[in-house]
Amino acid sequence: MQKSKTIIQIYLGYNRIKNEGTIALADTLKENSTFTDFGLEGNCFGNEGIKEFSKELEINDTITDIYLSSNYFKSEVVEELLKALEVNKTITNIDLSKNKIGIKGAIALARVLEKNKNIKYINLEDNVIGALGIEALTKVSRRKGIEIGLGS
């Protein structure tokens, strides 16, 4: 995958990818500049692995869609992803549903969405983000025209 110039979509959902696998994916992002869609739902990313992956997302200029639902991210993992989203210039759609974003994570995400000019859709269904998190995200959504999936 690292040297391929034709693969644009990767779906590796529900493969129990852990630290080592996530670090290998980060290395793949370094070497390949054709990926646009990355499906990584339902894996078991470790903190070190997601740190490396997030560093590559910060500088990646091809990925537009990333699917990270059902990974049950802890707060420190969410922080690493938010750093990447704050500076990434190409991601337009991100699925963070069925994680553990929490109220603090939702408020931090709202701040990131204020700075990121490219994100158009973010799915946050099945996260416990509370009234304060919903309020912060709704304000950003209205102001910037970002569609946010919060579930029913």
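The notes below deal with the structure included here. Everything numeric in this text was worked out from a predicted model, so none of it was measured.

## Some points on the nonpolar core
Phase 1: One finds Phe38 and Phe53 to be the most contacted residues of the largest nonpolar core, which totals 41 residues.
Phase 2: Every element with two or more residues in this core is listed here: helix H1 (19-31), helix H2 (47-59), helix H3 (75-87), helix H4 (102-115) and helix H5 (130-144).
Phase 3: Contact partners of Phe38, with chain neighbours within four places excluded, come to Ile10, Leu25, Leu29, Phe53, Ile63, Asp65, Ile66 and Tyr67.

## What about H4?
Phase 1: Between its terminal C-alpha atoms H4 stretches 20 Å, which fits the 20 Å expected from 14 residues at 1.5 Å a residue.
Phase 2: Gly102, Gly105, Ala106, Ala108, Leu109, Ala110, Val112 and Leu113 are the residues of H4 that are buried.
Phase 3: For H4, the secondary structure elements touched by its buried residues are H3, strand E5 (121-123), H5 and strand E6 (147-149).

## Overview of the pattern of salt bridges
Phase 1: For the coordinates displayed, the defined rule picks out seven salt bridges.
Phase 2: Ionic pairing is found between Glu86 and Lys115, a salt bridge with its closest N-O pair at 3.0 Å. Remark: Lys115 occurs in helix H4 and Glu86 occurs in helix H3; sequence separation between them is 29 residues.
Phase 3: A salt bridge links Glu114 to Arg143; its shortest N-O distance comes to 2.2 Å. Taken as a pair, Glu114 in helix H4 and Arg143 in helix H5 lie far apart in primary sequence, 29 residues in all.

## Here we look at unusual backbone geometry
Phase 1: You will see that Tyr72, though not glycine, has its phi angle at about 50°, which is positive.
Phase 2: Residue placement: Tyr72 occurs in the loop between strand E3 (65-67) and H3.
Phase 3: The phi dihedral of Lys98 is positive, around 55°, even though this residue is not glycine.
Phase 4: Looking at the secondary structure, you find Lys98 in the loop between strand E4 (93-95) and H4.
Phase 5: In this structure Lys98 comes out as partly exposed when scored by relative accessible area, which is 40%.

## A closer look at the environment of Gly21
Phase 1: Mapped onto the fold, Gly21 is located in helix H1.
Phase 2: Taking C-alpha positions, Gly21 is 8.3 Å from Phe45, a pair spaced 24 residues apart along the chain.

Each value, and the rule that gives it
- Residues numbered from 1 in each chain as written.
- Predicted model: local features only at pLDDT ≥ 70, side-chain atom pairs only at ≥ 80, totals over all residues.
- Heavy atoms only, no water.
- Core = buried A, V, L, I, M, F, W, Y, C linked by side-chain atoms within 4.5 Å.
- Buried < 20%, exposed > 50% of the residue type's maximum accessible area, 1.4 Å probe, protein only.
- Helix = DSSP H or I, 4+ residues; strand = E, 2+ residues; numbered from the N terminus.
- Contact = heavy atoms within 4.5 Å.
- Expected span 1.5 Å × (residues − 1).
- Salt bridge = Lys/Arg side-chain N within 4 Å of Asp/Glu carboxyl O.

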